[in-house]
Amino acid sequence: MARSVCDPVHPLGSRAKVLLTSVFGPYAQDDPYGSRAINPMELYQNQVTRVQGPFSLRTFHRSWGIMLLQANVNAPCTVLDFPSQERFLEEITARQYDVIGITAIMTNLLKVRRMCKLIRKHQPHAAILIGGHLANMPDLRRWADADHVVLGEGVRWLRRYLGEDEAATLRHPVVRGNLGTRIMGVTLREHPGDVCATLIPSVGCPMGCNFCSTSALFGGKGSFVEFYRTGDELFDLMCQLEQQLYTPSFFVMDENFLIDKPRALELLALMQKHHKPWSIYVFSSANVLRKYSVDQLVALGVSWVWLGLEGKRSSYVKLAGADTLELVRTLQSHGIRVLGSSIIGLEEHSPDNIDEAIDHAVAHATEFHQFMLYTPIPGTPLFAQMLAEGRVFSEAESSVPDIHGQYQFNFRHPHIPPGAETEFLLRAFRRDFEVNGPSVVRIVRTVLRGWRQYKNHPDPRIRARFAHEAANLPVRYAGVLWATHYYYRDNPRLSAMISQLLDELYAECGPRSRAAAPIAGRSLYRQLMREQERLAAGWTYEPPTYYEANEAAAADNPAATPITPATVAAVETTSAGGSPRRRAAFARVAAGAPATTATGG
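Residues numbered from 1 in each chain as written. Predicted model: local features only at pLDDT ≥ 70, side-chain atom pairs only at ≥ 80, totals over all residues. Heavy atoms only, no water.

A. Quick look at the overall build of the protein. When helices and strands are tallied, the protein shows 23 helices and 18 strands. The buried share among the 601 residues of the protein stands at 61%. Once local pairs closer than 6 in sequence are excluded, the contacts in the protein between residues at least 24 apart make up 76%. (Helix = DSSP H or I, 4+ residues; strand = E, 2+ residues; numbered from the N terminus. Buried < 20%, exposed > 50% of the residue type's maximum accessible area, 1.4 Å probe, protein only. Contact = heavy atoms within 4.5 Å.)

B. Examining the sheet that holds strand 9 (residues 197-199) more closely. Taken in spatial order, the six strands make up an open sheet running 9-12-13-14-15-16, and their pairing is parallel. A single partner strand is all that each edge strand has here, and the edge strands are strand 9 and strand 16 (368-373). Between one strand axis and the next, the sheet turns through 20° on average, direction left out of account. Bridging between strand 13 (residues 279-284) and strand 14 (residues 302-310) involves five bridges; their strand directions are parallel. Looking at the pairing, I280 lines up with V302 of strand 14. (Pairing = 2+ DSSP bridges. Axes fitted to C-alpha atoms, helices over the stretch in contact; angles between N-to-C directions.)

C. Main features of a negative patch on the surface. Where like charges cluster on the molecular surface, the negative patch consists of D232, E233, D236 and E266. In terms of residues, the negative patch owes the most to one element, helix 8 (residues 231-245), which gives three residues. E266 gets classed as partly exposed once you look at its relative accessible area, which sits at 33%. (Patch = residues over 30% accessible without salt bridge, like charges linked within 9 Å, V, L, I, M, F, W, Y side chains within 5 Å. Areas by Shrake-Rupley, 256 points an atom, 1.4 Å probe, with all protein chains shown as cover. Salt bridge = Lys/Arg side-chain N within 4 Å of Asp/Glu carboxyl O. Lys, Arg positive; Asp, Glu negative; His and termini not counted. Charge placed at Lys NZ, Arg CZ, Asp CG, Glu CD.)

D. Geometry of the confidence of the model for the protein. The predicted model of the protein has a mean per-residue pLDDT of 89, with 90% of residues at 70 or higher. When the criterion is pLDDT under 50, residues 1-5 qualifies, and its contacts beyond four places in sequence or with other chains add up to 17 contacts. Segment residues 565-578 is flagged for pLDDT under 50; beyond a separation of four residues in sequence, or across chains, it makes 25 contacts in the model. (pLDDT = per-residue confidence, 0-100.)

E. Representation of unusual backbone geometry. Residues G25 and P26 are joined by a peptide bond in cis, for which omega reads 0°. Tracing the backbone through its elements, the reader meets P26 in the loop between strand 1 (18-22) and helix 1 (43-47). One non-glycine residue with positive phi stands out, namely F82, at about 60°. With respect to the secondary-structure elements, F82 resides in the loop between strand 3 (77-81) and helix 3 (85-94). What makes F82 buried here is its relative accessible area of 3%. Backbone geometry at H275 places phi at a positive 60°, although glycine is not the residue there. For H275, the position within the fold is in the loop between helix 9 (261-273) and strand 13. The class for H275 is exposed, based on a relative accessible area of 52%.

F. Focus on the pattern of salt bridges. Per the counting criterion, the structure on display carries 31 salt bridges. Among the salt bridges present, the one from R120 reaches D145, with a minimum N-O distance of 3.0 Å. With R120 in helix 4 (residues 109-122) and D145 in the loop between helix 5 (140-143) and strand 6 (148-149), this pair connects stretches of sequence that are 25 residues apart. We classify R120 as partly exposed; its relative accessible area is 22%. For D145, a relative accessible area of 45% corresponds to the partly exposed category. The shortest N-O distance in the salt bridge between R263 and D254 comes to 3.9 Å. By relative accessible area, D254 is classed as buried at 3%. Several salt bridges share partner residues, and in doing so they unite D355, D359, E423, R427 and R431 into one network.

G. The arrangement of helix 2 (residues 64-71) in detail. Taken across its eight residues, helix 2 has six buried, putting it largely inside the fold. Of all the positions in helix 2, only W64, I66, M67, L68, L69 and Q70 are classed as buried.

Put into structure tokens, the structure is as follows:
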């Protein structure tokens, strides 16, 4: 299993037929291959809104890594994303491949092992590649029969392996940020903020937190791979994605996008020059955010921030000296929504102080809050440290499929007895939900704040962005608040909180909103209750299977969706709701005019 940078070139070079696949599903169930009902293929339901029931945000994200690889090789390449085991087996028995690559995270080890066995049985001459976070597992060779493990950034590796120019210009895939988004029992379409493009400027994170598997995978502290080094390069790419997906919004898949301030400010200058009212959703650390003024963040279009809060007494450099409570309040007052991320089970946590730690996290009142167990993942500095200290559990003491940060520790904690961490984690989720209410209500509150703050801003570009984000306030968001208020009618505290917010919305949006709220609200309430009944009956959510061929593979693979520059936009906008209404709204925003007015007339 080669691990060096001198991996051989495949004998067929660029003529090799390549299949890139994610691990097989279904995912949201307990099975012998490592799937777990509490660890579905849904980021938010899995780690953020898991106790919010029918209010939980349900959405899927494509396997962007293999899509990026497919877009950057000339060899015939097919992507199979979210297959069932039966669909994967059908593919490798019906069609011959020379190279089969699997992407996975650590918890899917048993699925990868199963897929390798099936490949060896049905395609013994195919070279097997394993990539993704699973590649960071030191003893992976003992578990999975693969020919090559692709550590770190894979585009150059795969190009080199196929005898292609590894330094060729990077081609960015055209892909939506979210798929099949549901909330309150409603599948969202034509919804500002739901339809967004995925933008991948770099991989890795130079902050190098000791627990971070992403940082470890791409070189560790001080290292990351920057695909687009200038604001000019990013601007050109974003213009292309804007036109192909009919959206002014971008989910930036970059661990700390704003850390390159010169690049960000160069992008801002181009947005201003060309009057782009774009919205961007970013990951950031507190001390990086503090290097920007609020005016700069607003002008840059920062609408969402995924912010590492970690813990009240955490010693991470990215938080040194930062008052995160004040920072979050400031961002929200300017319409910037925050997804806070906190760790349960830091070294200093104990049964005596865990409630204090949880209360500190909950006090931020972020729109979403991710809680994760402190987990030493193989390949990280934290894992190496705990392994040296003899604190990592043996295989007999823990199960790889259960070490996903939402169930149990894989190490001996100095203060928390085994098994207690599961309850502490759920306590954090429940307290945040009980104190701050459903995330959807928090979102409406911050969107309303942003609209009131910037609806009369002197820059028409900024006015247009906030009008686009506030387009749902008069009717849809009013209905959300009405339905949620009715749902919590027997909870005096939350009922009063939502009622006050609804009155603020009425005052801002006028009679139309007051008239529409109960009409839209009653319909939403019925759907909310149906969703609650489905969940109580055991309903689970699974992503659809995607089967796509690049231009070189399309001729030999008529069953797959062809992914070419001419067709990719049509493929994505069909699922995104690329209807005349969506395109008309996009055209208005792209021209600097609001998609609609928040007051609604």
